[in-house]
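Now for the letters of each chain:
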Amino acid sequence: MAAVQRRQPLPPASHKLRRGEPACSGTAPPPVCRYWKSGHCVRKPCRFLHADPAQAPPPSVVVAKKRSNTWVNTSSKIAKPSAATDGGEAAVPPVPPTTTKPSPATNVVGAAVPPVPPTKPDQPPVRVQEQPVGGVWCVGDGIRGVARLEGHSKAVTGVAVPEGSGKLFSGSLDGTVRAWDCATGQCVRVAPVQEGEVGRLIAMGPWVLLGVRGAVRALHAGSGNELRLRLPAAAAQVTALLAEDDERLFAGAEDGAIYMWRLDRERQRFDEVAALAGHGGHAVASLAQGKGALYSGAADGGIRVWDLETRRCVCSFAGHASIVTALLCWDRFLLSSSVDGTVKAWRSKPDHGDVDPELEVHYTHREEGERVVAMDGTHDAGKKPVLLVSRGDGVVRVYDLPSFKPRGQIRCNGEVTAMSLRTPGVAFTGDASGEVRVVKWTPAAAS
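Residues numbered from 1 in each chain as written. Predicted model: local features only at pLDDT ≥ 70, side-chain atom pairs only at ≥ 80, totals over all residues. Heavy atoms only, no water.

Draft legend 1. Just the overall build of the protein, in detail. When helices and strands are tallied, the protein shows one helix and 30 strands. Residues counted as buried form 51% of the 447 residues belonging to the protein. Sequence-distant contacts, at least 24 apart, represent 51% of the contacts inside the protein between residues at least 6 apart. Here the protein has roughly 20200 Å² of accessible surface; of this, 53% comes from carbon and sulfur atoms. (Helix = DSSP H or I, 4+ residues; strand = E, 2+ residues; numbered from the N terminus. Buried < 20%, exposed > 50% of the residue type's maximum accessible area, 1.4 Å probe, protein only. Contact = heavy atoms within 4.5 Å. Areas by Shrake-Rupley, 256 points an atom, 1.4 Å probe, with all protein chains shown as cover.)

Set out below in structure tokens:
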């Protein structure tokens, strides 16, 4: 695919200055020509600056409308590109030294947590740890570390809060699912999984869904009803799960197949709809859904676009040099991350229509020297879009969108392999050490 040679930030949802509008008047200098900065201005003369004015303020990020917390794309296809604007990058603030003593443990809403009772000898210890005052593991503008939940002995592969349960569920490669009380932070249940390792865990309404070997297990958090959705290949491990619209469930397997079910709410069951094949035997590592389209990323770096009405692949391309660890539909773009250390923003080529669209790279963000093992997006306390990027060194970086300006970081004991951002105002992470961390969004400082 054609790559953008000059790195540019993603365009904001709307622009203060549009083509045909007059330039600034008075003593303020005219704005810099965005086409000149990208090397494509052909206007002679051009009424905008073809130079960087001294001490020019960075461009502002304007968010035109509130979007859903899960960032479901609003169109069945990725929209055609619009003109881009430029913006700078800022460094992540250094972690401040602290000599303060730890504060009492608190729950996700800041209430005091009673001491955790002693565990049984045959169970691993469960502890709720609160960060010291001033924070050493969560720093940044508009984010605050709340709690650390320890209990899993291996990597956490999924965290989710099903509707109406008041519980946080976590799944792990240690073969267990834990339920944590959101009011106290205590582990209230440890359930072993018959199939062994939990490959993925997500929530779909009141349902907790586990991706295991040969099946997807569904547990209704309210009624306790359990279902087992079997895969045709009994030995295939589920490697990706997606339930974006609370109606359709998608499961990607290590054999490259994608399975689709539809939830029958009246009968409280999942009806099998289709099986999609096309990744050539490479494991499906990530899934994302836009209205009318499904996007899948594989272990070989390939990305496929599926029409959900016809259930056929309408676009296939080599997205990355290695595993595609996450996909996300945001605004006009498809975002993808990979262990090759990049996050890419894709858009439809301008010379292609809505039928069989072809994508091209609009912007590439690089985590220098580090793998990107997970990625997800949400809105902060001020309803502004933010992107969380998990790196191989155990740091989750928080970026503003569309500028990719760093605003904070979450430091964990190992690489964060699972994130859940669907609960308003809260973010959950699970890392390779088996620890779950809770982060709250707080009002950001005025810029």
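Next comes the rest of the write-up.
Draft legend 2. Spotlight on unusual backbone geometry. Residue P402 is bonded to the preceding L401 through a cis peptide linkage, with omega at 10°. Tracing the chain through its elements places P402 in the loop between β26 (395–400) and β27 (406–411). Of note in this structure, K383 is not a glycine but carries a positive phi near 65°. The topology assignment puts K383 in the loop between β24 (372–379) and β25 (385–391). Residue K383 is classed as partly exposed on the basis of its relative accessible area of 46%.

Draft legend 3. View of the nonpolar core. Grouped together as the largest cluster of nonpolar side chains are 20 residues, with contacts concentrated most on M204, L209, V216, L241, L249, W261 and F270. Secondary structure elements with two or more residues in this core: β8 (200–204), β9 (207–212), β10 (215–220), β12 (238–242), β13 (248–253) and β14 (257–264). In this structure V216 touches L209, L210, L227, R228, L229, V238, L241, L249, A251 and W261, once residues within four positions along its chain are discounted. (Core = buried A, V, L, I, M, F, W, Y, C linked by side-chain atoms within 4.5 Å.)

Draft legend 4. Representation of the state of the cysteines within the structure. For the structure on display, the rule yields zero disulfides. The cysteine C315 is free of any disulfide, with C313 supplying the nearest cysteine sulfur at 7.0 Å. (Disulfide = S-S within 2.5 Å.)

Draft legend 5. Representation of the side chain of S390 in the model. With respect to the helices and strands, S390 occurs in strand β25. A polar contact is formed between the side chain of S390 and the backbone oxygen of V416, at a distance of 2.8 Å. Apart from residues lying up to four places away in sequence, S390 is in contact with R371, V372, V373, A374, V395, V396, E415, V416 and M419. (Polar contact = N/O pair within 3.5 Å; in protein donor to acceptor, adjacent residues only side chain to side chain.)

Draft legend 6. Here's a closer look at the pairing of strand β20 (residues 324–330). With respect to burial, β20 is a largely interior element, seven of its seven residues being buried. Relative to strand β21 (residues 333–338), β20 runs antiparallel, the two being bridged by six bridges. Looking across to β21, one finds that L328 is bridged to L335. Between the end of β20 and the start of β21, which pair antiparallel, lie two residues, with D331 showing a positive phi angle near 55°. (Pairing = 2+ DSSP bridges.)

Draft legend 7. Molecular detail of the pattern of salt bridges. Following the criterion strictly, the structure yields 19 salt bridges and no others. Residue R269 is joined to D271 by a salt bridge in which the shortest nitrogen-to-oxygen separation is 2.9 Å. Owing to a relative accessible area of 27%, D271 belongs among the partly exposed residues under this scheme. Two residues, R391 and D393, come together in a salt bridge whose shortest N-O distance is 2.6 Å. A residue is classified by how much of its surface remains accessible, and R391, at 8% relative accessible area, is buried. (Salt bridge = Lys/Arg side-chain N within 4 Å of Asp/Glu carboxyl O.)

Draft legend 8. A look at the packing of aromatic side chains. Under the criterion given, the structure shown has six aromatic pairs. Here Y259 and W261 contribute two aromatic rings whose centre-to-centre distance is 6.5 Å and whose plane-to-plane angle is 40°, an arrangement assigned as tilted. Residue Y259 is classed as buried on the basis of its relative accessible area of 6%. Judged by relative accessible area, W261 falls into the buried class, the value being 3%. Each member of the aromatic cluster is reached from another via a ring pair, and the members are Y363, Y399 and F404. In this arrangement the basic side chain of R437 is found over the ring face of W137, its NZ or CZ atom lying 4.9 Å from the centre. (Phe/Tyr/Trp six-rings, centres within 6.5 Å; stacked < 30°, edge-to-face > 60°. Lys NZ or Arg CZ within 6 Å of the ring centre and 35° of its normal.)

Draft legend 9. View of the sheet that holds strand β19 (residues 312–318). Read across the sheet, four strands follow the order β16-β17-β18-β19 without closing on themselves; strand pairing throughout is antiparallel. Single-partner strands in this sheet number two, and they are β16 (284–290) and β19. Across the sheet, the mean angle from the axis of one strand to that of its neighbour is 20°, orientation sign disregarded. Where strand β18 (residues 302–307) meets β19, six bridges bridge the pair, whose relative direction is antiparallel. (Axes fitted to C-alpha atoms, helices over the stretch in contact; angles between N-to-C directions.)

Draft legend 10. Summary view of the sheet that holds strand β2 (residues 138–140). With respect to topology, five strands assemble into an open sheet ordered β2-β27-β26-β25-β24, the strand pairing being antiparallel. The open sheet has two edge strands with one neighbour each: β2 and β24. The mean angle between the axes of side-by-side strands here comes to 15°, regardless of whether they run parallel or antiparallel. Inspection of the sheet shows β26 paired to β27 by five bridges, in the antiparallel sense. Pairing of V398 across the sheet is with G408, part of β27.

Draft legend 11. Molecular detail of the environment of D400. Along the chain, D400 falls in strand β26. C-alpha of D400 to C-alpha of H379: the two residues are 21 residues apart in sequence and 9.5 Å apart in space. Sequence-distant contacts of D400, defined by excluding residues within four places in its chain, comprise P385, V386, K405 and R407. A distance of 3.0 Å separates the side chain of D400 from the side chain of R407, its partner in a polar contact.

Draft legend 12. Representation of the confidence of the model for the protein in the model. The share of residues in the protein with pLDDT of 70 or more is 70%, and the mean pLDDT across the chain is 78. Strand β1 (residues 127–129) is the least confidently modelled element of the protein, averaging 43 in pLDDT, while strand β4 (residues 156–160) averages 97, the highest of any element. The low-confidence segment residues 1–28, where pLDDT is below 50, has 76 contacts with residues more than four positions distant or belonging to other chains. When the criterion is pLDDT under 50, residues 55–134 qualifies, and its contacts beyond four places in sequence or with other chains add up to 188 contacts. (pLDDT = per-residue confidence, 0-100.)

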